[in-house]
Amino acid sequence: MSLTRPAAAAAAVLITAAGGLAAASPTLASPGPGVGAGLGSGATTASAFVRAPRDDAKTAAALRAMASPKVAWTRCGSGLQCATLEVPLDYGDPTLGTTKLSISRRPADNPSQRIGALFTNPGGPGGPATQTVGLFAQELGAQVRKRFDIVGVGPRGIEGEDLAMCVGKPGEEMPQLDEHMFPLWDKEFAQHLAYDRAYRKTCATAMPRILKHMSTADTARDMDLARRALGDKQISYYGISYGSYLGATYAALYPGNIRALVVDGVLDPVAWATGRGGEHRTKPVTERLNSHLGAHEALMSAFTECERGGTSLCAEAKTVRQDWQAILTTLSKGPVDMGDGNYLRYDDVIALALQVLYSADDIPLLMPAITELRQAIAPTTPVRKAAGTASADGQVAAEATPRSRPKAAVARLKALAAKVDREHPAPAPLSESTAPKGAHRTNGPVLGLSSTVLRSSGLAAAPSAEEPPGEPDAPVYDAGFHGVLCSDSLNPKDPKAWIAADRRVKWQAPGFGPAWLWTASVCAGWPGMNPDAYRGPFDKATSTPVLIIGNHHDPATPYSGAVAYRKELKTSRLITLTNGYGHGALGVSTCVDRLRTKYLVNRLVPASDTSCKPDHPLFTRLD
């Protein structure tokens with residue numbers, strides 16, 4: 001089809017579910033069979049394509065991107081190649097033009113035996129898919145590296161040309177928060193909700209153009225364009241954590257395009273999108289997913305394994321459960337002074353422990369870290385006062401622990417959490433903070449930055465030396481995480497629903513309940529809702545069975561999510577990692593690795609659901 005007359009072309013094409021173009025009459029009232037299935041809920045009509053184009057060049061670019069997607073690779077170091085992919089900003093309205101996405105790949109080790117591209121996603125939402133290609137190549141094993149190009153498509157709004165950054169007015173006053181990872185008290189609830197209102201208002205009044213086009217369905221459509229650009233007839237895919245929802249969405253939108261699709265660390269897709277039986281009216285998405293129950297169960301089960309092994313396998317076996325409770329009891333009364341101007345809060349410890357629970361190899365190291373922290377902030381035995389501080393009668397006092405001890409204990413716990421954050425492909429929800437004036441808020445505003453200086457990575461940069469001194473600061477909200485989550489999921493309309501939910505989840509999973517819950521509080525009244533977001537069904541029969549991998553003690557995506565998706569999708573198989581720990585099943589079970597590789601390389605699935613064990617128990621002997 002010629003694109004030299006874009007106005008006419010805009011009125012003469014429809015996008016098929018397979019991503020191609022089909023001729024259509026400008027007067028067609030509704031799509032024919034198979035048309036629109038790849039566009040949101042399947043209700044897209046031809047009218048979305050025949051409106052008078054506002055800009056012929058924009059329309060032509062969008063139509064060209066859909067008709068013949070192309071990439072041109074360049075070398076970008078460490079054996080990787082990088083490219084950009086031009087995609088429509090809105091698949092339902094080509095008159096809005098295009099945006100450019102970042103792509104990276106690691107070419108197959110044996111090009112002569114290359115099967116095709118294996119698309120990967122590390123989760124988030126908002127994980128940098130282009131930056132985890134090397135890690136996935138290592139973890140997925142030699143046979144996969146040999147036969148596949150490992151590919152990462154940067155999610156729209158997170159990487160690429162258009163970033164989901166909501167920029168306020170220079171000098172604008174923002175609601176301030178007490179320092180917290182999540183709110184603990186009534187005062188902090190009020191601060192948190194006021195902050196959310198300001199965040200939403202900024203995104204509504206200074207909305208980046210990408211914000212209403214960031215649903216998972218948009219990313220799935222982008223991934224299908226990338227598949228076509230790379231010449232693959234069907235897709236091969238591995239996604240972990242939120243990447244499992246991207247995989248489930250792709251499978252629902254393009255069920256005939258599945259060569260091999262693996263989801264690991266699985267989110268219940270129905271819980272993410274809508275919930276069941278109208279529960280979205282009262283239950284936020286971050287309560288429906290039951291991640292808080294998974295995190296609490298994972299830690300309690302780790303304590304049980306430590307106790308079962310005894311002190312020969314886990315030196316803290318006799319005390320670690322009590323140590324953890326003592327830490328929470330102490331911090332629930334208020335923060336502990338670290339002696340250097342900083343305070344350790346209840347929510348800080350929860351966030352650090354949650355990060356460590358993502359790694360099965362590092363959970364055993366969490367046990368001594370808990371014991372050390374308990375001795376530092378709530379010692380079980382008296383500790384002599386520091387030199388020069390002894391009382392007149394020479395008595396010792398438990399509360400007089402030297403200030404260096406809590407500082408050192410917290411530093412070691414932070415270092416352990418940072419190690420897991422670096423090494424694990426799926427980011428924890430509280431692993432990073434972009435918060436105002438030291439307040440620990442995930443995806444909060446970045447203050448002290450000029451609104452004109454933003455990095456292409458999606459984070460704000462410090463003002464450049466060329467900027468005039470004294471320029472008023474502008475609040476900049478990184479909306480990458482919420483741009484996806486809030487657009488995808490239905491949530492209560494009243495922000496106070498999160499306060500009611502907080503009362504429920506804090507008893508179900510002390511600490512971990514609020515930690516997960518409040519990451520979605522800004523979704524009440526989110527301004528960037530996408531009418532093309534896909535919210536089910538997720539039960540469409542796929543051309544090849546989907547392989548689902550579930551881990552018994554996953555702290556982020558509980559095993560119940562894998563079971564729920566298996567029940568939804570009859571054309572699937574479930575591999576259960578029995579008594580497995582950590583988030584997902586990468587690199588912890590030779591049995592899982594073998595079955596996953598067989599499936600990806602040869603498209604061989606187990607005859608029925610099966611189970612595997614980890615290569616070693618959580619605690620092993622040190623002698």
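Refer to the structure above for everything that follows.
Rules behind the numbers
Residues numbered from 1 in each chain as written. Predicted model: local features only at pLDDT ≥ 70, side-chain atom pairs only at ≥ 80, totals over all residues. Heavy atoms only, no water. Helix = DSSP H or I, 4+ residues; strand = E, 2+ residues; numbered from the N terminus. Buried < 20%, exposed > 50% of the residue type's maximum accessible area, 1.4 Å probe, protein only. Areas by Shrake-Rupley, 256 points an atom, 1.4 Å probe, with all protein chains shown as cover. Phe/Tyr/Trp six-rings, centres within 6.5 Å; stacked < 30°, edge-to-face > 60°. Salt bridge = Lys/Arg side-chain N within 4 Å of Asp/Glu carboxyl O.

## Some points on the overall build of the chain
Link 1 in the chain: The helix and strand tally for the chain stands at 20 helices and 17 strands.
Link 2 in the chain: Here the chain, with 623 residues, has 58% of them falling under the buried criterion.
Link 3 in the chain: Summed over its atoms, the accessible surface of the chain is roughly 24,600 Å², and 53% of this surface lies on carbon and sulfur atoms.

## So, the packing of aromatic side chains
Where two aromatic rings form a pair, the distance of their centres and the angle of their planes describe that pair.
Link 1 in the chain: In the structure shown here, the tally under the stated rule is 13 aromatic pairs.
Link 2 in the chain: Pairing Tyr199 with Trp526 gives two aromatic rings, centres 5.7 Å apart and planes at 90°, and the pair type is edge-to-face. Here Trp526 lies in the loop between helix H18 (512–517) and strand S15 (546–553) and Tyr199 lies in helix H6 (residues 186–205), a separation of 327 residues in the sequence. The pair formed by Tyr199 and Trp526 is uniform in burial state, with each residue classed as buried.
Link 3 in the chain: Each ring, one from Tyr534 and one from Phe538, has its centre 5.6 Å from the other, and the planes form 90°; the classification is edge-to-face.
Link 4 in the chain: The buried category is assigned to Tyr534, whose relative accessible area is 2%.

## Focus: the pattern of salt bridges
Link 1 in the chain: Following the criterion strictly, the structure yields 23 salt bridges and no others.
Link 2 in the chain: The shortest N-O distance in the salt bridge between Glu287 and Arg504 comes to 2.7 Å. Placement of Glu287 in helix H10 (residues 285–288) and of Arg504 in helix H17 (residues 497–508) is noted, with a sequence separation of 217 residues between them.
Link 3 in the chain: Look at Arg504 and you get partly exposed, because its relative accessible area is 31%.
Link 4 in the chain: Of the charged contacts, one joins Arg566 and Asp609 as a salt bridge, the two residues approaching to 3.0 Å between their closest N and O atoms. A residue pair is termed long-range when its members are at least 10 positions apart, and Arg566 in helix H19 (residues 559–568) and Asp609 in the loop between helix H20 (590–602) and strand S17 (610–612) qualify at 43 residues.
Link 5 in the chain: One network of salt bridges, with partners in common, ties together Arg105, Arg114 and Asp149.

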